[in-house]
Each structure stands twice: as structure tokens, then as C-alpha cells.
Amino acid sequence: MKCVWGPQDDLPDSLQSKARNKYYFLPLILGLVGLFYHYRKRHRDALIITVLFVMTGLAIVVYLNQHSPQPRERDYAYAASFYAFAIWIGLGVIYLIEIMNKFLKPGLSIALIGLLTALLVPVNMAYEGWDDHDRSDRYTALEMAKSYLHSCEPNAILFTNGDNDTFPLWYAQEVEGIRTDVRVCNLSLLSGDWYIDQMKLKVYDSDPVPFTLNFDQYKQGTRDVVYLLENENIKGHVELKDIFDILKKNPEKLRIRSQGQTFDYFPAKKFRVSVDSATIINNGILPVKHADKIQDLEWTLDVVGIQKNQLMVLDLLAHMDWSRPVYFSVTTGDDAYLGLKEYFIQEGMTYKLVPAKIKSPDHQVSGVNTDAMYDNLMNDFSIEMKDSTQFMSEENLRAAMNLRNIYGRLAIALVQEGKADSAIRVADRIVEIIPDNVIPYDFFLVPVADAYYKAGATDKGDEILKILMRHTMDELYYFFTFTGKRAEEVDLQRQQKLAMMREISQVAMENRRSGIGNEAGNIFEQYYQRYVGQSPNW
């Protein structure tokens, strides 16, 4: 993430953080002093430490060609360069002692410089950094993992993607013994033949994943990529199971030679998985109230090719016979969904794959199974972020946004089904478990306010929009204090806050709350005119 150095006064609540620490550049200055001293005393030794510092720091960034932003801090990758710089910090202390020896007795100068540098550097760093490094009594990762698992029906298969989605789930199952009937399958690892072998075994209470390909058909170096090359003679959607039957019985039919190399391919991009309505209802894959919507899965994979992990997911879809529920975590991402999003329904922190197209209540990825989702969110989810003394890291903030979005979606869906009382209870819960004084209200509270209004809880809707309007006004004021080149660097933030204020006004006006709507509209218009009236070089 790019750091923009802007005004430090009157920071809005959204930018206030325990992680804003003040070290006054003292560790850096002391290290630079030590670097100077090292080169002056023993330049050859200093050169060796410099090579260590560069090769284990900057060179790693260049060698790995790291993109920005990274999914998490990468401090651990540069640990050796920290050690090198720490050597110079130590030498900087020695240099200061040498200087003070000219004015004080050696013993006194050692004591004075040692005490002074200890207080100004490590003690100050500990004092400033303690509150944002203290993890005691914070169980967000475990509670989120439990929420993922409790969003799944018994004996489910849950596809996750990155480390943050998966490691807490493994901990919950392996250490806490929570929902060991759910098979967690990490898509990032599913490209490894060893991991596929693990998925084909029974683990604790979860049955093997029903992959049908044998080891020779997915071992390392085999079908790492399968290209999708449409055959003009094939019309419509191809039964996915038929393609896998050919792959297993006569794989040469699905290979093509080009420029002296052999490539694996599928002759289609449009696929079908046929379903039996009775099986779907009997196995509880789809709620009975949606029985009239059951249909075969038909979708298009509009990509050049698929990787091995995606091939294995297709293998599962072709042969699972809908005997087990299949889920994707909500944070997995479009690439992992294989073009199947229109067949998803949300039941909590997961999307369930169903052979039906359920209308989305809010134009997001999926429909909503209100019965299952209400039970999960209100009865099984135990996560809370109510302790204002705890530091909320970026991971916590992302978790809060996901939860607010999920509860808001459910509240809106319940309103549309005429269940106003249930919608209010859902909205009350998310306001309770993630209050504004811990994590300031954000965009995902707008649907919650909208649900309150539509369910008849006008005062509660007003309260949320007024808080959001105050936050947004503070943020607009702050970002419009940037000038010159720095103003260009916060242009995105300006646009986001303008859009937020306009959304507040629109939701208020749609629900006949003209007082809030007009006030937010006037603030929007004021800042919008300032925005469009400024030249690129303001």
C-alpha cells in the first residue's frame, strides 16, 4: 500500500489507530551513525555487512519482483537485513560512548549512553508498539474460522483459497476439534499431487473428496494446464462427466500436438452437470421452497485454459452426484468460482453450490438462503469485536467488513420476504457485535440502515446514517486539506467519500427521511463542486 504523507492534525476516526507509533527516527539515526563509524574504522568489515544488508533486503524485493500491495506484511522475508542493521545500531552506541569519553570518565559515559539509548530506542519502541502488538484475549481468527465451518452443512466440502482463509480453519479442526465433519480443501494447494492424495483420504469425521482421476492422471508435470479449445462441431453445453470419461478411457483424444509439443485440452468451454430433482430435495441440497427452480448446471468457462486445481474441482462436480453439499468461502474470489456464481446461494460465510438460480436481493454474487443463514448468523456465530481496548489490525477490519456485508445482505433479504421483525433482529446483532466506537461505521452499514427503514425501525436507521454522515464529512474535510501533488495521491479517497455521501443521501431520500437526505445532499454538492472545480495541479 502506498503511503501518503499528509496533514497529521484533525485525523478522522477512520485513520485513528493504535498502530500510529512515534519513534522519532531514532533507530534509523543510530543505525546510520553506526554505519558511518563502521566504514571509518573498518571499511572492509563494513562492506561485508553492507552486502549482507542489501542482498537480504532490497535484492530480495528485486529478485522476487514483488507486486504491490502484498496480502500481508513481509517482515519475515527480510529478517537477515534487520540483523545487519542492528549491528550498525550497536556500533552507533559504541561511537557515542567514544565521543562521550572525551568529556566524561569511561565508566560514566558507558552508563550514561547505555541508559539514554536504551530509553530512547528499545524502551520507547516497546512503549509505543505494545498496544498494537498485544494479541492477548483476541480470538478473531478462531471465531471467524468457526463461522466458516458453522456455515456448512454436515459432511460438506468447503473450498478455500489463501492462507488467511485456511490456516484458522485447520487450527479450529485440528486443535479445537470443531466441525471435523467438514472437509476443508485449499485451492492453492490443490495443484499438488500430494495434496490431492490427501483429499482422497478420510480425515477425522469427513469423508474422502470424491475425485475420480488416478495418480498418474494428475501427478506432477501431468495436466498442470488443460487448454479449452472449442470445437466448432460441438453445439451447446457438453456433459462434464462425458469429457472425464474420455480423459480416463482414451486420453489421447484430448491431446493435441503443436510446434513439437503435446498439450492437454478440452474441446469446449460450455459445460453441463445434469441433476435429478428427487436427489436434490432428498439430500437437502436446495430448500423445498425453491424446488420449482431446480435445473441442470449449465455454464461457460470463458478462459484460455484451466490449472490442475480447477481440473480437480471439475472432476468433483462431474462425479459428486449431489450426495454432499459443496461450498466456497466468500473471500475465495472470482477465479475460484469457475463461472458458477449464478448457482450460488449464501448461507453465512460461505456460498453453497446449488442446481438453481436464486435471485440476489442486492445485485451481489449470489442469492440468499434466508432460513439457513438466519440460523447460522443468529445461533451459531459467536464472533464479537466489542472490546475497544484491543487493537484491530487490517485482518480484523477486513473481517468486520465481511461480517457487516453478510448481516446487511440477510437483513435486506428478510425485508423482501416480509419478515420485518427478523430483519431488525439481524441488524441489531451486527450493530451490537461490531460497534462504531471499536470499528467506525463504513459503507457496509448503509444496507443495514436501509433494512431498518424498510422494516419500520426508523430511529435506528436514522442513527446509523447520522453516524455515517459525520464520519464521511470528517473524512471529506481531511482529504480536501491535501494540496498540490499530494492531493492527486488521495484522489481515490476523495471519490470514495463523495460516493459515500451521495449514497447516504439517496438511501435517506428513498426512505422519506428528507432531513438527513437533504443535509447529506448539500454536503455532497459542496464538496463535489470543490472537486470538479479544481485543476489537476491544485
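Just so you know, these numbers come straight off a predicted model, no measurement behind them.

Caption draft 1: The sheet that holds strand β6 (residues 261-266), seen in detail. If you walk across this open sheet you meet the 4 strands as β5-β6-β3-β9, and the pairing is mixed. For this open sheet the edge positions go to β5 (255-258) and β9 (305-307), each flanked by a neighbour on one side alone. The sheet shows a mean angle of 40° between the axes of neighbouring strands, direction not considered. This element, helix α12 (residues 308-319), spans β3 (225-228), β6 and β9 of the sheet and lies at about 90° to β9.

Caption draft 2: View of a nonpolar patch on the surface. Together, Tyr39, Leu47, Val51, Val54, Met55 and Leu58 make up an exposed nonpolar region whose accessible area comes to about 550 Å². The element best represented in the nonpolar patch is helix α2 (residues 43-55), accounting for 4 residues. With respect to the helices and strands, the residue Tyr39 is situated in helix α1 (residues 26-41). Given the relative accessible area of 32%, Tyr39 is considered partly exposed.

Caption draft 3: Representation of the pattern of salt bridges. As enumerated under the stated definition, the model contains 30 salt bridges in all. Here Lys219 ties to Asp216 by a salt bridge, and the two come within 3.9 Å at their closest N and O atoms. Judged by relative accessible area, Lys219 falls into the partly exposed class, the value being 33%. Among the ionic pairs, Lys460 bridges to Asp428, the shortest N-O distance being 3.1 Å. Taken together, the positions of Lys460 in helix α18 (residues 458-479) and Asp428 in helix α16 (residues 420-433) put the pair 32 residues apart, joining distant regions of the chain. Using a relative accessible area of 34% as the deciding quantity, one classes Lys460 as partly exposed. Ionic contacts of the salt-bridge type, sharing partners, join the residues Arg223, Glu252, Arg255 and Asp264 into one network.

Caption draft 4: Geometry of helix α6 (residues 140-150). With 9 of 11 residues buried, α6 lies mostly within the body of the structure. Where α6 is buried, its residues contact β1 (157-160), α7 (163-174), β2 (183-186), β10 (326-329), β12 (350-353) and α15 (394-416).

Caption draft 5: Representation of the packing of aromatic side chains in the model. Under the definition given, this model contains 24 aromatic pairs. Residues Phe215 and Tyr218 carry aromatic rings whose centres are separated by 5.7 Å and whose planes lie at 75° to one another, so their mutual orientation is edge-to-face. Residue Phe215 and its partner Tyr218 are located together in helix α9 (residues 215-218), separated by 3 residues, close to a single helical turn. Taking the centre distance of 6.5 Å and the plane angle of 75° together, the rings of Phe266 and Phe271 count as edge-to-face. Across the pair, Phe271 and Phe266 agree in class, each one buried. Here the aromatic residues Phe159, Phe328, Tyr337, Phe344 and Tyr351 are joined through ring pairs into a cluster of three or more.

Caption draft 6: Representation of unusual backbone geometry within the structure. A positive phi angle is found at Leu338, which is not glycine, with a value near 55°. Relative to the helices and strands, Leu338 is located in the loop between α13 (334-337) and β11 (344-346). On the accessibility criterion, Leu338 (2% relative accessible area) is buried.

Caption draft 7: Local environment of the sheet that holds strand β4 (residues 238-239). Pairing in this open sheet of 3 strands is mixed, and the strands run β4-β7-β8 from one edge to the other. This sheet does not close on itself; its edge strands, each paired only once, are β4 and β8 (297-300).

Caption draft 8: Geometry of helix α17 (residues 446-454). Judged by how many residues are buried, α17 sits mostly within the fold: 7 of 9 residues are covered. For α17, every residue scored as buried is listed here: Val446, Val448, Ala449, Asp450, Ala451, Tyr452 and Tyr453. If you follow the buried residues of α17, they end up packed against α15, α16, α18, α20 (491-510) and α21 (514-532). Positive backbone phi, approximately 95°, marks Gly456, located one or two places after α17.

Caption draft 9: Geometry of the nonpolar core. Core analysis: the largest hydrophobic core is formed by 129 residues, its most contacted members being Phe159, Leu190, Phe266, Trp299, Leu314, Leu353 and Leu403. Counting residues in each nonpolar core, the second largest holds 7 residues, with Ala84, Trp88, Leu91 and Tyr95 among its members.

Caption draft 10: Geometry of a negative patch on the surface. The grouping of Asp131, Asp134, Asp137 and Asp387 at the surface amounts to a negative patch. Following the sequence through the fold, Asp137 ends up in the loop between α5 (106-133) and α6.

Caption draft 11: The pairing of β10, seen in detail. The alternating pattern of β10 places Val326 and Phe328 on one face and Tyr327 and Ser329 on the opposite face, and all of these are buried. Note: β1 against β10, 3 bridges, orientation parallel. Considered in β10, the bridge of Leu158 is made with Tyr327. By the bridge criterion, 3 bridges tie β10 to β12 in an arrangement that is antiparallel. Bridge pairing in β12 links Ser329 to Thr350.

About the cut-offs
- Residues numbered from 1 in each chain as written.
- Predicted model: local features only at pLDDT ≥ 70, side-chain atom pairs only at ≥ 80, totals over all residues.
- Heavy atoms only, no water.
- Pairing = 2+ DSSP bridges.
- Helix = DSSP H or I, 4+ residues; strand = E, 2+ residues; numbered from the N terminus.
- Axes fitted to C-alpha atoms, helices over the stretch in contact; angles between N-to-C directions.
- Contact = heavy atoms within 4.5 Å.
- Patch = residues over 30% accessible without salt bridge, like charges linked within 9 Å, V, L, I, M, F, W, Y side chains within 5 Å.
- Areas by Shrake-Rupley, 256 points an atom, 1.4 Å probe, with all protein chains shown as cover.
- Salt bridge = Lys/Arg side-chain N within 4 Å of Asp/Glu carboxyl O.
- Buried < 20%, exposed > 50% of the residue type's maximum accessible area, 1.4 Å probe, protein only.
- Phe/Tyr/Trp six-rings, centres within 6.5 Å; stacked < 30°, edge-to-face > 60°.
- Core = buried A, V, L, I, M, F, W, Y, C linked by side-chain atoms within 4.5 Å.
- Lys, Arg positive; Asp, Glu negative; His and termini not counted.
- Charge placed at Lys NZ, Arg CZ, Asp CG, Glu CD.

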